[in-house]
Amino acid sequence: MTDNTVRQLHSDLPDLQSYWMPFTGNRYFKDNPRIIDRAQGMYCYTHDGKKLLDAVAGLWCCNAGHCHPKIVEAIQKQAETLDYSMAFQLGHPKVFEMANKLTDIAPDGLDYAFFVNSGSEAVDTALKIALAYHRIRGQGERTRFIGREKGYHGVGFGGISVGGLSPNRKMFGAMLPGVDHLPHTHNLEHNAFSRGLPEWGAHLADELENIVALHDASTIAAVIVEPVAGSAGVIVPPRGYLKKLRQICDRHGILLIFDEVICGFGRVGETFAATRFEVTPDLMTLAKGLTSGTVPMGAVLAKSEIYDTFMTGPEGAIELFHGYTYSGHPLAAAAGCATLDVYNNEGLYERARSLEDYFADALHSLKGEPNVIDVRNIGLIGAIELQGIEGQPTARAMQVFRECYDNGLIIRTTGDTLAFSPPLIIEKEQIDFVVDTVKTALRNQ
Ligand SMILES: Cc1ncc(COP(=O)(O)O)c(C=O)c1O
């Protein structure tokens, strides 16, 4: 079908020709467009009149629900007051307010915030801070990074290098040199249908000792992991696993970076995964829920010790040669301040925790449905892994995705796993709707 035919069939559609869509089958999409033109609360509305319950919070980001009036108002007000001011050598009030609000809720010791525009930028920024930190301290030979198989850390060169999802890497050839990977902890033989933290798998953190022995600690700058891996299909850390990583990093002077781009802001039933799992990293990357998805913004939180290490050169000199034109953009900072207030005032972190059991029961009720080989959950994040169709990886999950969409539900697929990360405002009846709709779709395959 040509694009002209597409336009005739859907006369109220925009012209789809020129936009090269990210992480999307462009040709399929343009033949079968799904255009969201409005959203409110838990729902998105399409160009052709569909109302869809959003069980993914946009893309794991709209934690306060769509178009929250307080956040919308803050953005509007900011747009009228200050559109932009130079991000280097000048400041504006909202970005300082945002940094203070954010570090107030951060785990103890993470007292400084560096702002960026996305999760990918947050990751590359954290990696650069780690390198520079060691160099300033006279340990410039610490240049290696350790990521983890199945990790997703965005799409910058740093992020895909430490990331462990092969489709995101193999198109691009050379990666950052000197990167090694921990084994992932996804294991259906031991952990299938675990509720919350799996009991099996903490020993996999010990592999870090072997990697350290191989390369020597003096060459390793940082370890980066998602506390709960999101994009690989929701891999919940085995009980005790993150604490072990922390201990091994401490033993060898290696920085620990938690990529909480998905985990942060209530998603795992606490403000941050670091809080929930009682492990404080040296650097933490954030984005997505930081502004509830309204205006692009990311952040790197750093321990005081790291910040202080940079504050040692000549007074007046730039301490970190890094930053973006839009670091701490006024609209993003205004959206972020309002978002953090909404989370706090509406008790959304607590709400996520209080719904966790209901959400878990609902998802786990799908055990035994056709092709369901695992259900995983923590906080308001969950996954259902399906037996793939022989020779057609991802096809089964896509079929379920399409059927759910036709029946009023947005879910996310990754490989043959269905992922769920609803806004933290979801109601119990809406959780029931999610599960019933998925059940019907599974039975119809
Ligand atoms: C853990 C993690 N890190 C980094 C990113 C990249 O964020 P962005 O898409 O905003 O660049 C993502 C996005 O899903 C993520 O899940």
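Relevant structure appears above.
If you're wondering where the values come from, they're calculated on a predicted model, not measured in any experiment.

Unoccupied space between atoms shows up once a probe the size of one water molecule is rolled over them. Counted according to the given criterion, the structure contains three cavities of 30 Å³ or more. Volume-wise, the largest cavity comes out at about 90 Å³. Together, Thr185, His186, Asn187, Asn191, Ser194, Gly196, Pro198, Ile235, Val236, Asp374 and Arg376 line the largest cavity. Residues that form the lining of the largest cavity fall into these classes: three nonpolar, six polar and two charged. Volume-wise, the second largest cavity comes out at about 50 Å³. What lines the second largest cavity is Arg148, Glu149, Lys150, Gly151, His184, Thr185, Glu226, Ala229 and Ile235. Of the residues that constitute the lining of the second largest cavity, the class distribution is two nonpolar, three polar and four charged.

Now for the environment of Gly233. Looking at where Gly233 falls in the secondary structure, it is placed in the loop between β7 (220–225) and α11 (241–252). A relative accessible area of 0% means that Gly233 is categorised as buried. Taking the C-alpha atoms as reference points, Gly233 and Pro314, 81 residues apart in sequence, are found 47 Å from one another. Sequence-distant contacts of Gly233, defined by excluding residues within four places in its chain, comprise Arg376, Ala383, Thr414 and Thr417.

Our focus in this paragraph is the sheet that holds strand β5 (residues 144–148). Pairing within the open sheet is mixed, and its seven strands lie in the order β4-β10-β9-β8-β7-β5-β6. Because the sheet does not close on itself, it has two edges, and the strands there are β4 (110–116) and β6 (179–182). In this sheet, neighbouring strand axes are inclined to one another by 20° on average, regardless of whether the strands run parallel or antiparallel. Two strands pair when backbone bridges link them, and β7 and strand β8 (residues 255–259) are joined in this way by four bridges, in the parallel orientation. Following the sheet pairing, Ala222 is matched in β8 by Leu255. Along the sheet, helix α6 (residues 119–136) makes contact with β4, β5, β7, β8, β9 (283–286) and β10 (298–303), crossing β9 at roughly 160°.

On to the layout of surface pockets, then. Roughly 1500 Å³ of volume is contained in the second largest pocket. Phe114, Tyr307, Met311, Glu319 and His322 are, among the 45 residues lining the second largest pocket, the residues nearest its centre. Elements with a contribution of two residues or more to the lining of the second largest pocket: α5 (93–105), β4, α6, β10 and α13 (304–310). By residue class, the composition of the lining of the second largest pocket is 27 nonpolar, 14 polar and four charged.

Here is what the cut-offs are and how they apply
Residues numbered from 1 in each chain as written. Predicted model: local features only at pLDDT ≥ 70, side-chain atom pairs only at ≥ 80, totals over all residues. Heavy atoms only, no water. 1 Å grid on protein atoms, 1.4 Å probe; cavity = no way out; pocket = protein on both sides within 12 Å on 5 of 7 lines; lining within 4 Å. Points joined across faces, edges and corners; volume = space filled by probe spheres on them. Nonpolar A, V, L, I, M, F, W, Y, C, P; charged D, E, K, R; others polar. Helix = DSSP H or I, 4+ residues; strand = E, 2+ residues; numbered from the N terminus. Buried < 20%, exposed > 50% of the residue type's maximum accessible area, 1.4 Å probe, protein only. Contact = heavy atoms within 4.5 Å. Pairing = 2+ DSSP bridges. Axes fitted to C-alpha atoms, helices over the stretch in contact; angles between N-to-C directions.

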